[in-house]
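Summary of the model geometry
Each chain, written out:
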Amino acid sequence: MAQAVINKNKTASVSSGAENFSAVVSDLAGSVPVPVNENNKKTLISIRNLKQYFPVKGNKNMFVKANDGIDLDIFEGETLGLVGESGCGKSTLGRTLLQLYAPTEGRTFYYGKPLTAISPKNLTDIIKELPAEKQELIKLFSTDRKAAQELFLDLVRVFGGLLLSPNEDEVTAAYLEYYSEGKTSEDSPDSGSRAETFEARRRSIADSSVTDKDNFKRLEKLRDEGIDLTRLTYNEMRRLRRDMQIIFQDPYSSLNPRMTVGQIIGEGPLAHEFFTGEGEALQDHVMKIMEECGLAPYMIHRYPHQFSGGQRQRIGIARSLAVNPKFIVCDEAVSALDVSIQSQILNLLSELKEKSNLTYLFISHDLSVIKYISDRIGVMYLGNIVEIARSEDIFKKPLHPYTEALLSAIPTTNIDKPKNQIILEGDIPSPINPPKGCKFHTRCRYVSSECKETEPLFREVEPGHFAACHHCLT
Ligand code: SF4
């Protein structure tokens, strides 16, 4: 049997044909974990194996590995805090996921809009090329297993179980009709019924042509309606920018000194065609947002230099909110402010989140700030997330030695119970040439020989609490 041959010798060549294609798919599907959402939260952004390498000036063969294979899910309505020492790759992650930097490798999926709202070119290309892609998959399976897995994932995310249908013309026609740009959109009044019609058509193709029902069910679970941000064209990504905004660290350099507050806040809505011109409607919108952000509407004609640091940061927040985003990266959004102003801005961000059901990725090196605002916290070290959990779990029971050391550095006001501060010896290793095994082993007080040789897996140690360590703290 073709299946037995493939499992015995995975690099053996396979002849073409529907039966062998089914066997290839079955084999590849076995190596992909079926996603499980045990907490029933809606994922808004899903990052997989994200790598961001920057070339070193003067040496094209050396790279600064700012992000080195990050897997992360951000749930709708949560604030995910990201903490770590300067230079660990937090800001790079935030900017790469917004596609401000083109990632070196990996994928970022966005679930805040249906795929039909964009119908990206890479999707319609895959649909049109289905027969050729299937042949390519058979070829790659015998020559390049990793590339075959990548292509398999691309195909199965789109077609699910219909990948097994020999009736390619029918599948292609159904998909192109559903996804063709201009025919469907999230705002279309009939988009719900169109989706139902499409699903009914998929079911009927499957019933009439797919014989391997078990495999069909498995592949259906791998179907994914996320928009792959890393594959979008410039204009497609531009259409999504209104959903995904950023608040920068420096409230001084991030505002154009030649523009008034009204122009700064109104620029986004105009660019995204919320309004047809600089009329009264736009001005009303800008003043409403200013008020929500604690800025008096009469300030609309002032320039940034006429404001204090805290007020400028409010302008930055208002600029992000003006396009009704769903997701905001707050990149050290309060680090440049006085402590009293920090708390005002944090409270404002929390209020706005509740009011507009926003999702934040809140980047900071300050654990007290992160603790105050976050629902979950991710800890980064040298380009990787080493621990992630609910905020209270991280503070009550850190599992990773690096998190333990960071927490011990938070100053305490309790003089009866002084803290046992853990001093991390040595410097952070170079991200150009990180240490073998666990990247933290050069500074870890629990290091073992295993840590120096083998990279620890990022795994779920306790429910909802993930860490990458061979000897998690208990
Ligand atoms: S794997 Fe080893 S070196 Fe790395 S954090 Fe855990 S105990 Fe420390």
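Conventions we followed
Residues numbered from 1 in each chain as written. Predicted model: local features only at pLDDT ≥ 70, side-chain atom pairs only at ≥ 80, totals over all residues. Domains from an automatic or database assignment. Contact = placed C-beta atoms within 7 Å. Nonpolar A, V, L, I, M, F, W, Y, C, P; charged D, E, K, R; others polar. Pairing = 2+ DSSP bridges. Helix = DSSP H or I, 4+ residues; strand = E, 2+ residues; numbered from the N terminus. Axes fitted to C-alpha atoms, helices over the stretch in contact; angles between N-to-C directions. Buried ≥ 20, exposed ≤ 12 C-beta atoms within 10 Å, placed from the backbone. Near = placed C-beta within 6 Å. pLDDT = per-residue confidence, 0-100. Expected span 1.5 Å × (residues − 1). Arc of directions from axis to C-beta. Core = buried A, V, L, I, M, F, W, Y, C linked by C-beta atoms within 7 Å.

1. Focus on the domain arrangement of the protein
In terms of domains, the protein is made up of domain 1 (2-31 + 115-231), domain 2 (72-101 + 331-474) and domain 3 (255-324). Computed over C-alpha atoms only, the centres of domain 2 and domain 3 are separated by 33 Å. Between domain 2 and domain 3, the contact holds 8 residues from the first and 8 residues from the second. The residue makeup of the side of domain 2 that touches domain 3, split by class, is 7 nonpolar, 1 polar and no charged.

2. Brief notes about the sheet that holds strand 9 (residues 376-381)
Taken in spatial order, the 8 strands make up an open sheet running 6-7-8-3-9-10-12-11, and their pairing is mixed. Pairing within the sheet leaves two strands with one partner each, and these edge strands are strand 6 (244-247) and strand 11 (458-462). On average, each strand axis in the sheet is inclined to that of its neighbour by 20°, with strand direction left out of account. When strand 6 meets strand 7 (residues 327-331), the two strands line up parallel, connected through 4 bridges. Note on strand 7: the bridge partner recorded for Met244 is Phe327. Where helix 13 (residues 309-321) meets the sheet, its contacts fall on strand 6 and strand 7, and the angle it forms with strand 6 comes to roughly 175°. Against the sheet, helix 17 (residues 401-408) engages strand 9 and strand 10 (384-390), with an angle of about 105° to strand 9.

3. Topic: the sheet that holds strand 4 (residues 105-110)
On the basis of which strands lie adjacent, the open sheet formed by 4 strands has the order 2-1-4-5 and antiparallel pairing. Strands with a single pairing partner mark the edges of an open sheet, and in this sheet they are strand 2 (59-75) and strand 5 (227-228). As judged from the 5 bridges shared by strand 1 (residues 43-56) and strand 4, these two strands associate in the antiparallel manner. From the neighbouring strand, Arg48 faces strand 4, where its bridge partner is Arg107.

4. Description of the pairing of strand 3 (residues 79-83)
When you tally the buried positions in strand 3, you get 5 out of 5 residues, the bulk of the element. Covered by surrounding structure in strand 3 are Thr79, Gly81 and Val83 together with Leu80 and Leu82, the residues of both alternating faces. With 5 bridges connecting them, strand 3 and strand 8 (residues 359-364) associate as parallel partners. By the bridge assignment, Leu80 is partnered in strand 8 with Leu361. Sheet topology places strand 3 next to strand 9; 4 bridges connect them, and they run parallel. Each residue of the ladder has a partner; that of Leu80, found in strand 9, is Arg376.

5. Details of the site of the ligand
Looking at the ligand, there are 13 residues lining it, with Cys438, His441, Cys444, Cys451 and Cys469 nearest. Each residue belonging to the shell around the ligand can be placed in one class, and the counts come to 9 nonpolar, 4 polar and no charged.

6. Side note on unusual backbone geometry
One non-glycine residue with positive phi stands out, namely Gln99, at about 65°. Relative to the elements of secondary structure, Gln99 occurs in the loop between helix 3 (90-97) and strand 4. Since 19 C-beta atoms lie within 10 Å of it, Gln99 is described here as partly exposed. Backbone geometry at Ser119 places phi at a positive 40°, although glycine is not the residue there. Position of Ser119 relative to the elements: it lies in the loop between strand 4 and helix 4 (121-128).

7. Section: the confidence of the model for the protein
Per-chain confidence: the protein averages 89 in pLDDT, with 92% of residues scoring 70 or above. The model gives residues 1-16 a pLDDT under 50, and that stretch makes 26 contacts with residues more than four places away or in other chains.

8. Section: helix 12 (residues 280-292)
Taking 1.5 Å of rise per residue, 13 residues should cover 18 Å, and helix 12 covers 18 Å from first to last C-alpha, within 8% of that figure. When helix 12 is considered as a whole, its buried residues turn out to be Val286, Ile289 and Met290. End-on view of helix 12: buried residues confined to an arc of 105°, all on one side of the axis. Away from the buried face of helix 12 by more than 90 degrees, exposed residues Glu280, Asp284 and Glu291 are located. Packed against the buried residues of helix 12 are helix 11 (261-271) and helix 13. Within two residues after helix 12, Gly294 carries a phi angle of roughly 80°, on the positive side.

9. Observations regarding the nonpolar core
Of all hydrophobic cores here, the largest spans 106 residues; its most connected members are Leu155, Ile265, Ala318, Cys330, Phe362, Val379 and Val386. Per-element tally for this core: the top contributor is helix 6 (residues 145-159), with 7 residues. Apart from the residues within four sequence positions on either side, Phe362 is in contact with Thr79, Leu80, Gly81, Leu82, Cys330, Ile370, Ile373 and Ser374.

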